[in-house]
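# Fold and contact review
Letter by letter, the chains look like this.
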Amino acid sequence: MNSHMQEKRGRRLGITYSAPMGLWLTFFFLVPLCIIILYSFLKKGLYGGVEWEFTLTAYRQMLNPNFMRVFLRTLWVAALSTVITITLALPCGYAMARSRHQVMWLALVIIPFWTNSLIRIYAWIAILSSEGFVNEALKALGVIGESLPLIYNQGAVITVLIYMYIPFAILPLFTTIDKFDFQLLEAARDLGASKPESIFKVLIPNIRSGIITAVIFTFIPIFGAYTVPLLVGGKDSYMIGNIIVDQVTKTRNWPLASAFSLVITVVSTIGVIWMMTSTASERARLKAPAQVVDANGGIS
Amino acid sequence: MGKRLKGFDVTVKDVSRAYGNFKALDDVSIEIRKGEFFSLLGPSGCGKTTLLRIIAGFDSPDNGVVLLDGKDILPLPPDKRQVNTVFQSYALFPHLSVYENVAFPLRLRKVPAGKLDAKVRDYLHLVQLDNHMDKKPSMLSGGQKQRVAIARALINEPSVLLLDEPLSALDAKLRQNLLVELDHLHDQIGITFIYVTHDQSEALSVSDRIAVMNQGKVLQIGTPYEIYESPATDFVARFIGETNLFPAVVKQCDPYEDYYMTTLDIPALGTEIKVTDYDNLAVGQHVSFTVRPEKLKITGHQPTRVGKDINLFRGIVEEPIYSGFQSKYYVSLENGTVIKVIQQHANYMDEGPDIDWKDQVFVSWSAEDGYIVEVVDS
């Protein structure tokens, strides 16, 4: 009885605890989002801004095949970069979790964040450009005579995107792998699994939540990226993020920019919901059964 | 399940393994026979788990060989060895059901569905988990998890089953039950069991033979009876069961029937005692003398007739410990040395044990009940 009341009180207090966070989100996320939704249904102002007149023009403009092509390209670039990022981040996270020098590795993963992202992108320009580090080094070694086109194309965009977002994949993967019981791999080997079989049949299914988090943390920012394609991309690298910037600053079509922003938000939201439901179901899968046992009055 | 599998013998020869400066295994040699229930017994850090991991293939020795059925298995990876392991923490796959955990090795070998199903059910029945096969490991109790681990390890039909402290996470009552089940299972299946434990009572109760290990070395290999009654070293005597152990010097050694009646000078007891031994020991030799507490007799009154091969001491009870079926007394002898005595309560006691705290008592044992453990120098 007493504990029941305490629980009730705790629940009521819980609302107060979450109030500051709730206010913050309302003012800095929900309100701007509503403004974006509203703007996307209004008429474009002549010099930017909007006129207060309801219209679906922005959405009609969005169906333009050129825009659709950019949308599909963005989806493709984001998906490909995410897959490569996760493939690279998984062994990194595994090695870090098994290493004795975890703190050092964590520091090395985090240190790049101390430098502004634009500066890091410019560093890549210095590395990849036709007179850049890679080309000069290869020429000096006599491997190539002419500079390779390493920059201002799709490949450069994907390379730099992977570089930018791989820490966001490594960190959640590292934390889940660190909690993984490595003896399960020995058990799998003992029972007849080869090394790859033990990884794919035991490790991967047990770190699913970390993989999903890593996918979300890389896919969503890459889907909305605009600086990387702007600075290291070519004509074929234009992405949704670039459309939004151009519609706001150059074409001054704020409703269209809002509509595209909304696309990014919707795609991101779907991703987050997928992440939340799958981690929730995983938790239910592992935990709920224990409650069933309790309900039956202990275990036989 | 009337299944009988084929057990292999395991030969461990001159195996050493060091981690930096720490010698986990120091030139260990053990021969384990076909179908034997063999225990590796020792305190934590004695190297028993390292040896098990070497046999399983998770660790490799710096030198030495491990033969399974006469064939060197050290070059083989763990998945190619005909041994399976029951892990201390069970190591059940949390993402798979009980059924799928047990089916795991068969699915790897792509066993056809019908055969797989029959076999999995067969082994789940063997460990009495028929009604739990759809549950996830997190839904099971410790004892049930242990059974799943055993079924999963047996389904590959290994020749040797390695058990790494499989019962240490369970409570005492359940441990006893599972130990008996394990023993039955061993008799039923007939493969070789290698059982690692730090619990001497576990090892004594189920093993055919035991290797007692300490600091990376094998101190003694023998049947439970041999290890308990004639320990090879001071350490074995102290580690297996309880004992009274004193350094002694041989005073006299005379032939007596088909053995020798030895007189030992024991400074800790302040006197000489008699003990029978099979060896003719040289006078002046330093040895260790041991007598188990349950072999001592304790009485409140002075025995009237004392045979010449009876050792008798007078003392004060410092600490009586009553535990139902027996009492243990710490008796302080006249020179201050404390000796442990265990008295079995075979008969009904109306008013409790007749020996109490601070009582004067007489402790005695026959020369035949003592044992000379170790010749300290030669």
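Worth saying up front: this structure is predicted, and the values here are computed from it rather than measured. (Residues numbered from 1 in each chain as written. Chains lettered and ligands numbered in written order. Predicted model: local features only at pLDDT ≥ 70, side-chain atom pairs only at ≥ 80, totals over all residues. Heavy atoms only, no water.)

For chain B, the count of helices and strands is 8 helices and 20 strands. Going through the 378 residues of chain B one by one, you find that 53% of them count as buried. Restricting the contact set of chain B to residue pairs at least 6 apart, pairs at least 24 apart contribute 66%. Of the roughly 17,200 Å² of accessible surface on chain B, a fraction of 49% belongs to carbon and sulfur atoms. (Helix = DSSP H or I, 4+ residues; strand = E, 2+ residues; numbered from the N terminus. Buried < 20%, exposed > 50% of the residue type's maximum accessible area, 1.4 Å probe, protein only. Contact = heavy atoms within 4.5 Å. Areas by Shrake-Rupley, 256 points an atom, 1.4 Å probe, with all protein chains shown as cover.)

Next up on the list: the pairing of strand β1 (residues 10-19) of chain B. Residues and elements named next belong to chain B. Pairing between β1 and strand β2 (residues 22-32): 7 bridges, direction antiparallel. Counted as the bridge partner of Thr11 is Glu31 from β2. Counting the residues between successive antiparallel strands, the hairpin from β1 to β2 contains 2 residues, one of them, Gly20, with a positive phi of roughly 65 degrees. Bridge count between β1 and strand β4 (residues 63-68): 5 bridges; the pairing is antiparallel. If you follow Ser16 over to β4, its bridge partner there is Asn63. (Pairing = 2+ DSSP bridges.)

Of all hydrophobic cores here, the largest spans 58 residues; its most connected members are Val10, Ile30, Leu40, Phe93, Phe104 and Ile194 of chain B. For this core, the leading source of residues is helix α7 (residues 154-179) of chain A, giving 6 residues. Contact partners of Leu40 of chain B, with chain neighbours within four places excluded, come to Ile30, Lys48, Leu51, Ile194, Tyr195, Val196, Thr197, Ala211 and Met213 of chain B. (Core = buried A, V, L, I, M, F, W, Y, C linked by side-chain atoms within 4.5 Å.)

Attention shifts here to the environment of Tyr99 of chain B. Residue and element names in this part refer to chain B. Among the structural elements, Tyr99 can be located in helix α2 (residues 98-108). A relative accessible area of 12% means that Tyr99 is categorised as buried. Along the sequence, Tyr99 and Leu124 sit 25 residues apart, while their C-alpha atoms lie 7.9 Å from each other. Filtering out sequence-adjacent residues up to four positions away, Tyr99 remains in contact with Arg107, Leu116, Asp117, Val120, Leu124 and Met133.

Take the sheet that holds strand β8 (residues 192-197) of chain B next. Residues and elements named next belong to chain B. Spatially, the 6 strands line up as an open sheet ordered β6-β7-β8-β3-β9-β10, and their pairing is mixed. Strand pairing shows two members of the sheet lacking a second neighbour, β6 (83-86) and β10 (217-222), which therefore form its edges. Direction aside, the axes of adjacent strands within the sheet are offset by 20 degrees on average. As judged from the 5 bridges shared by strand β3 (residues 37-41) and β8, these two strands associate in the parallel manner. Of the residues in β8, the one forming a bridge with Ser39 is Tyr195. (Axes fitted to C-alpha atoms, helices over the stretch in contact; angles between N-to-C directions.)

All names here are of chain B. Taken N-terminus to C-terminus, the directions of α2 and helix α4 (residues 142-154) make an angle of 25 degrees; their axes are 7 Å apart at the nearest point. Between α2 and α4, the angle falls in the class roughly parallel. Handedness of the crossing formed by α2 with α4: right-handed. Residue-level contacts link Val98, Asn101, Val102 and Pro105 of α2 to Val148, Ala151 and Arg152 of α4. Taken together, the residues of the contact of α2 with α4 sort by class into 5 nonpolar, 1 polar and 1 charged. (Parallel < 35°, antiparallel > 145°, perpendicular 65-115°, else oblique. Left-handed = near helix turned anticlockwise from the far one by under 90°. Nonpolar A, V, L, I, M, F, W, Y, C, P; charged D, E, K, R; others polar.)

Residues and elements named next belong to chain B. Strand order across the open sheet formed by 5 strands is β15-β19-β16-β17-β18, with antiparallel pairing between neighbours. The sheet is open, and its two borders are formed by β15 (297-299) and β18 (338-344), each paired with just one other strand. Here the average twist between neighbouring strands, direction ignored, is 40 degrees. In terms of strand pairing, strand β16 (residues 310-322) meets strand β17 (residues 326-333) through 7 bridges, oriented antiparallel. In the sheet register, Glu319 faces β17, and the bridge partner there is Tyr330.

As a further point, take unusual backbone geometry. Residues and elements named next belong to chain B. Although it is not a glycine, Asp14 sits at a positive phi angle of roughly 50 degrees. With respect to the element layout, Asp14 can be found in strand β1. Judged by its relative accessible area of 40%, Asp14 is partly exposed. The residue Gln128 is not glycine, and still its phi comes out positive at about 60 degrees. Relative to the helices and strands, Gln128 is located in the loop between α3 (113-126) and α4. Note on Gln128: relative accessible area 51%, which makes it exposed.

Put simply, chain A has an average pLDDT of 87, and 90% of its residues get 70 or more. Predicted confidence for residues 288-300 of chain A stays below pLDDT 50, and this span has 13 contacts to residues more than four positions away or in other chains. (pLDDT = per-residue confidence, 0-100.)

The next subject is the packing of aromatic side chains. In this description, a pair of aromatic rings is defined by centroid distance and the angle of the planes. All names here are of chain A. Going through the model one piece at a time under the given rule, you end up with 21 aromatic pairs over all chains. For the pair Tyr39 and Trp254, a centre-to-centre distance of 6.4 Å together with 25 degrees between the ring planes defines the contact as stacked. Of this pair, Tyr39 sits in helix α1 (residues 2-40) while Trp254 sits in helix α13 (residues 254-295), placing them 215 residues apart in sequence. Between Tyr165 and Phe168, the ring centres sit 5.8 Å apart and the planes meet at 35 degrees, which makes this aromatic pair tilted. In this pair, Tyr165 and Phe168 are both assigned in helix α7, 3 residues apart and thus about one turn of the helix distant. With relative accessibility at 17%, the residue Tyr165 sits in the buried group. Overall, the relative accessible area of 33% leaves Phe168 in the partly exposed class. (Phe/Tyr/Trp six-rings, centres within 6.5 Å; stacked < 30°, edge-to-face > 60°.)

What follows is about the domain arrangement of chain B. All names here are of chain B. Domain boundaries assigned for chain B yield domain 1 (10-239) and domain 2 (244-300 + 307-376). Computed over C-alpha atoms, the centres of domain 1 and domain 2 are 38 Å apart. Carbon and sulfur atoms make up 43% of the surface buried where domain 1 meets domain 2, a total of about 860 Å² over both sides. For the domain 1 face of the interface with domain 2, the top three residues by lost area are Tyr228, Asp234 and Ala237, together amounting to 51%. Applying the counting criterion to the domain 1 and domain 2 interface returns 1 salt bridge. The partner of Lys295 in a salt bridge is Glu229, with the nearest N and O atoms 3.1 Å apart. Sorting the residues of the side of domain 1 that touches domain 2 by element identifies α7 (224-229) and α8 (234-239) as the ones contributing at least two each. Class assignment of the residues belonging to the side of domain 1 that touches domain 2 gives a composition of 5 nonpolar, 2 polar and 3 charged. (Domains from an automatic or database assignment. Buried area = accessible area lost by both parts, 1.4 Å probe. Salt bridge = Lys/Arg side-chain N within 4 Å of Asp/Glu carboxyl O.)

A word on the interface of chain A and chain B. Facing 23 residues of chain A, the contacting portion of chain B comprises 28 residues. Surface buried jointly by chain A and chain B totals about 2,300 Å² across both partners, of which 57% is contributed by carbon and sulfur atoms. Taken together, the links from chain A to chain B amount to 2 salt bridges. Between Arg53 of chain B and Glu186 of chain A there is a salt bridge, with the nearest N and O atoms lying 2.7 Å from each other. Inspection of the region where chain A meets chain B yields 8 residue pairs in polar contact (both at pLDDT 80 or more). Counting only elements with at least two residues in the side of chain A that touches chain B, the list comes to α8 (183-190), α9 (195-206) and α13 of chain A. The element that contributes the greatest number of residues to the side of chain A that touches chain B is α8 of chain A, accounting for 7 residues. (Polar contact = N/O pair within 3.5 Å; in protein donor to acceptor, adjacent residues only side chain to side chain.)

So, on to the layout of surface pockets. Residues and elements named next belong to chain B. Counted as a void, the second largest pocket has a volume near 430 Å³. Looking at the second largest pocket, it is lined by 19 residues, and the ones nearest its centre are Glu229, Tyr278, Glu368, Gly370 and Tyr371. Of all the elements in the fold, those that place two or more residues in the lining of the second largest pocket are α7, β13 (271-277) and β14 (286-291). Broken down by element, the residue count for the lining of the second largest pocket peaks at 4 residues, all from α7. (1 Å grid on protein atoms, 1.4 Å probe; cavity = no way out; pocket = protein on both sides within 12 Å on 5 of 7 lines; lining within 4 Å. Points joined across faces, edges and corners; volume = space filled by probe spheres on them.)

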